[in-house]
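One-letter residues, chain by chain:
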Amino acid sequence: MVHLKLQFLIVLIVLENFTFAGPQKIHLSVYYESKCPDSKLFILNQLLPAFHLLHDYLKLSLIPFGKARSINYGDGGFECQHGSAECLGNIVQDCSLHQMKGQSDKKKLAYVVCEMHTEAASQGRFDCVERSNLSTEHVEKCVTSGEGIVLQLESEYYTGLVNPKFVPTVTINGEFNQEIQDYAQVDLIGTLCSLLIDSQPCGRYYNYIALNNLMNTSPRNTH
Ligand SMILES: *[C@@H]1O[C@H](CO)[C@@H](O)[C@H](O)[C@H]1NC(C)=O
C-alpha cells in the first residue's frame, strides 16, 4: 500500500514537471532609451512582432536607461544621451513599468510600444500611462518623489552589469553575446527561433516564409 502511494506520488511529480510546466521560457532583456531612434525601431519592428509570435516562450524585462548616467547618486538627477527629455521619458517609463509589476509582459510591452511610438512621456504627457489604465497620479508622484530616482538607479545598476556599447542591447537569460546582439537587431524572430528550433510557432513561421518564397518565384508572378 505504501509502495503504491509512493508510485502515485512519483507519477504526480513527473506529470507536474513535464506536462503542466508549459514550454521552457527564454528570458529576453532589452536595455533601451526613451528617445533613441534605434531603440524605437527595435521595439516597434523587432520586439513587437517577435513577442506576438513567441509570447508563450518569452519572459521579458524592459530596462529604460541605456547610456544615461546618474549625477551624484541621483541627487543631481541624470544625464541622458538624447538630453533631458530622454531622462524624463526614462523615469516615467520606469515608474509605469514598476506600477505594472504584477501585470503580463504583453501589457507592459504594449505600454512601452505606445511610449516609443508617440514619445509622450518624454514630452511630459501621460497619454500612454492613461491608455494602460495606470494611475497618472501614482506615476506622477513616483516621478517627482525619490521613488523614480531609486528605480532609475536600479536600472543604472543592471544596465552597468551589461555595459552596453550599443543601445538597444539585448541579453538572453542574462547573458550578452555579440553575435546574438547583432542578429537580433535585424531579425529577432530568427534569433529567438534559432534557440527555439522545435517550437510550433517557429516551424509555422519558417513554413510560411518558404511558401511565400515559392509563390514569389513561381512563373506566374515573374511578369
Ligand atoms: C482599460 O480599461 C478599459 C475599460 O475597463 C478596457 O476596455 C481596456 O481594455 C483597458 N486597457 C488596458 C490596456 O488594459
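- Identification of the protein as Gamma-interferon-inducible lysosomal thiol reductase-like from Vanessa tameamea is taken from an unreviewed UniProt entry.

Focus on the sheet that holds strand β1 (residues 26-32)
- Strands sit in the order β2-β1-β5 across an open sheet of three strands; the sheet is mixed. Every other strand in the sheet has two partners, leaving β2 (58-64) and β5 (169-172) as the edge strands with one partner each. When the angles between neighbouring strand axes are averaged without regard to direction, this sheet yields 15°.
- Along the sheet face, helix α3 (residues 84-99) touches β1 and β2 and points at about 140° away from the line of β2.
- Sheet contacts for helix α7 (residues 146-162): β1, β2 and β5; angle to β2, the most-contacted strand, approximately 110°.

Details of a nonpolar patch on the surface
- Side chains of Y183, V186, Y206, Y208 and I209 sit close together on the surface and give an oily, nonpolar patch of about 500 Å² of accessible area.
- At the level of elements, α8 (178-186) and α10 (200-216) are the ones that each hand at least two residues to the nonpolar patch.
- At three residues, the largest contribution of residues to the nonpolar patch is made by α10.
- Residue position: V186 is located in helix α8.
- The class of V186 is exposed, set by a relative accessible area of 63%.

Brief notes about the state of the cysteines
- In this structure the tally under the stated criterion is four disulfides.
- One disulfide bridge connects C95 with C142, the sulfur atoms lying 2.0 Å from each other. Here the S-S torsion is close to -75°, and the disulfide linking C95 with C142 is therefore left-handed. Of this pair, C95 sits in helix α3 while C142 sits in helix α6 (residues 136-144); the two residues are 47 residues apart in sequence, bridging distant segments of the chain. Taken as a pair, C95 and C142 share a single burial class, namely buried.
- Two residues share a disulfide in this structure: C114 and C128, whose sulfurs sit 2.1 Å from each other. In this structure, the disulfide formed by C114 and C128 twists by about -80° around the S-S bond and is classed as left-handed. Here C114 is found in helix α4 (residues 105-118), whereas its partner C128 is found in helix α5 (residues 127-131), with 14 residues between them in sequence. The same class applies to C114 and to C128, which are both buried.
- If the cysteines joined by disulfides in the protein are listed in sequence order, their pairing comes out as 1-2, 3-6, 4-5, 7-8.

So, the pairing of β2
- The buried fraction of β2 is high, at five of seven residues.
- For β1 and β2, the ladder comprises seven bridges, and the chain directions are parallel. Its bridge partner lying in β2, L28 is registered against L60.

Regarding the site of the ligand
- Every residue near the ligand is listed here: K107, R131 and N133.
- Separating an oxygen atom of the ligand from a side-chain N or O atom of N133 is a distance of 2.3 Å.
- Coverage of the ligand by the protein amounts to 29% of the 360 Å² it exposes when considered alone.

Re the packing of helix α2 (residues 37-54) against α4
- Packing of α2 against α4 leaves a shortest axis separation of 10 Å and a crossing angle of 150°. Classed by the angle they form, the pair α2 and α4 counts as roughly antiparallel. Regarding α2 and α4, the two cross each other, and that crossing is left-handed. Two secondary-structure elements touch here, α2 through S39, K40, I43, L44, L47, L48 and F51 and α4 through D105, K106, L109, V112, V113, M116 and H117.

Thresholds, definitions, all that
- Residues numbered from 1 in each chain as written.
- Predicted model: local features only at pLDDT ≥ 70, side-chain atom pairs only at ≥ 80, totals over all residues.
- Heavy atoms only, no water.
- Pairing = 2+ DSSP bridges.
- Helix = DSSP H or I, 4+ residues; strand = E, 2+ residues; numbered from the N terminus.
- Axes fitted to C-alpha atoms, helices over the stretch in contact; angles between N-to-C directions.
- Contact = heavy atoms within 4.5 Å.
- Patch = residues over 30% accessible without salt bridge, like charges linked within 9 Å, V, L, I, M, F, W, Y side chains within 5 Å.
- Areas by Shrake-Rupley, 256 points an atom, 1.4 Å probe, with all protein chains shown as cover.
- Salt bridge = Lys/Arg side-chain N within 4 Å of Asp/Glu carboxyl O.
- Buried < 20%, exposed > 50% of the residue type's maximum accessible area, 1.4 Å probe, protein only.
- Disulfide = S-S within 2.5 Å.
- Near = heavy atom within 4 Å.
- Polar contact = N/O pair within 3.5 Å; in protein donor to acceptor, adjacent residues only side chain to side chain.
- Parallel < 35°, antiparallel > 145°, perpendicular 65-115°, else oblique.
- Left-handed = near helix turned anticlockwise from the far one by under 90°.

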